[in-house]
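# Topology and contacts: notes
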Amino acid sequence: MVVFCVIGILAIGFLCLLLYHNRAFPEAQEIAEEMERVGSDYYFYGSSKTGFIIFSGAKTDEKAYTYLAKLLHEEGHTVVIPKQLFYLSMFGTKHGMEILESNSQIENWILIGHSLGGMPVSRIAAAQPKGLIGVALLATYASVDLSGLDIRAIRITADHDGIMNNTFMEKYNVNLPANSSNIVLEGANHQGFAAYSSSSGRDGKASISWKEQNEQTIRLILDYFMEMLSAPLRSALSERPLDVQRPRVCSADIPPKGGDATRRGKNAPPYQETLRVWVALLNSSARIERSQ
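Parameters and conventions
Residues numbered from 1 in each chain as written. Predicted model: local features only at pLDDT ≥ 70, side-chain atom pairs only at ≥ 80, totals over all residues. Heavy atoms only, no water. Buried < 20%, exposed > 50% of the residue type's maximum accessible area, 1.4 Å probe, protein only. Helix = DSSP H or I, 4+ residues; strand = E, 2+ residues; numbered from the N terminus. Axes fitted to C-alpha atoms, helices over the stretch in contact; angles between N-to-C directions. Parallel < 35°, antiparallel > 145°, perpendicular 65-115°, else oblique. Contact = heavy atoms within 4.5 Å. Nonpolar A, V, L, I, M, F, W, Y, C, P; charged D, E, K, R; others polar. Left-handed = near helix turned anticlockwise from the far one by under 90°.

It is worth spelling out helix α5 (residues 118–126) at this point. Of all nine residues in α5, seven are buried, a share of seventy percent or more. Among all positions of α5, only Gly118, Met119, Pro120, Val121, Ser122, Ile124 and Ala125 are buried. Just downstream of α5, Gln128 is the residue with a positive phi angle, here 50°.

Packing of helix α2 (residues 26–34) against helix α3 (residues 66–74) brings their axes to within 8 Å, and their N-to-C directions diverge by 50°. By the angle between their directions, the pair α2 and α3 is classed as oblique. Here α2 contributes Ala28, Ile31, Ala32 and Glu34 to the contact with α3, which in turn contributes Thr66, Tyr67 and Lys70. Residue composition of the contact of α2 with α3, grouped by class: four nonpolar, one polar and two charged.

A separate point is the environment of Leu137. Assignment of secondary structure puts Leu137 in strand β6 (residues 132–138). Setting aside its immediate chain neighbours within four residues, Leu137 contacts Gly113, Gly118, Val121, Ala142, Ile154, Arg155, Ile156 and Leu176.

Looking now at the packing of α3 against helix α7 (residues 210–225). Where α3 meets α7, the closest approach of the two axes is 10 Å, and the angle between their N-to-C directions is 45°. Looking at the two axes, α3 sits oblique to α7. Relative to α7, the crossing made by α3 is right-handed. For the pair formed by α3 and α7, the contact residues are Tyr67, Leu68, Leu71 and Leu72 on the first element and Trp210, Lys211, Asn214, Glu215, Ile218 and Leu222 on the second.

Non-glycine residue Gln128 carries a positive phi angle of around 50°. Residue Gln128 is classed as exposed on the basis of its relative accessible area, which comes to 56%. Unlike most non-glycine residues, Asn179 shows phi in positive territory, near 65°.

What follows is the structure, given as structure tokens:
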């Protein structure tokens, strides 16, 4: 009897863990109401031939990324936010490929991944799907080797990130395509790349609002890919102030090929790749505290 009680308690706890997630702010939920639903996914259809897919962070409501989507849509682009199983985007690789294949009107695709969302972005990019021109990694890194691909990549991190360890993530710059851009947002934190609040209390305190961080992030992405996009930047977005540390070209920060980062990139089995990301998400803040 005791054994069954223990099993029942464990099952309930596991179910609660699966269903738990960081809820989107009310404003982001309102924007979600403006988006079209295709299956369980959220869509903004644009007039340009460029599409974006935004992959959410771990245990975070997909609707927390609707303000990012709205800013991109205001530039004329199609934006998709996929629904993730149990709010875990690491399971979203196959569905992401399906979205690419089912929207034949889009000629150019750019994938955006926040935190754990960097995993499906990296995996999809490694498959070299037709039309993919670049990736944007927000507070995350390329979990597999993309260095040989003819695409562009921008990695944007936050100087007050208390969740992901920037020193740890920079070890994986070796996995990025040549001439990628690596930028640090000043006054920003981890959750500010979306619109949600976390109950963990681990994240650093931002000196800019989540809206400002969202706007600066989208401006950086559009500036970076502007020459490849079919729609011009809107002047309202371009004129907003931008606070970033000096951009760093990743090739200058990449360790030599064959180093430790390379071994943990391209040649790592999928289960090791998943474990690395989870370890980074759960334990990086503890490493930061010990180093201070």
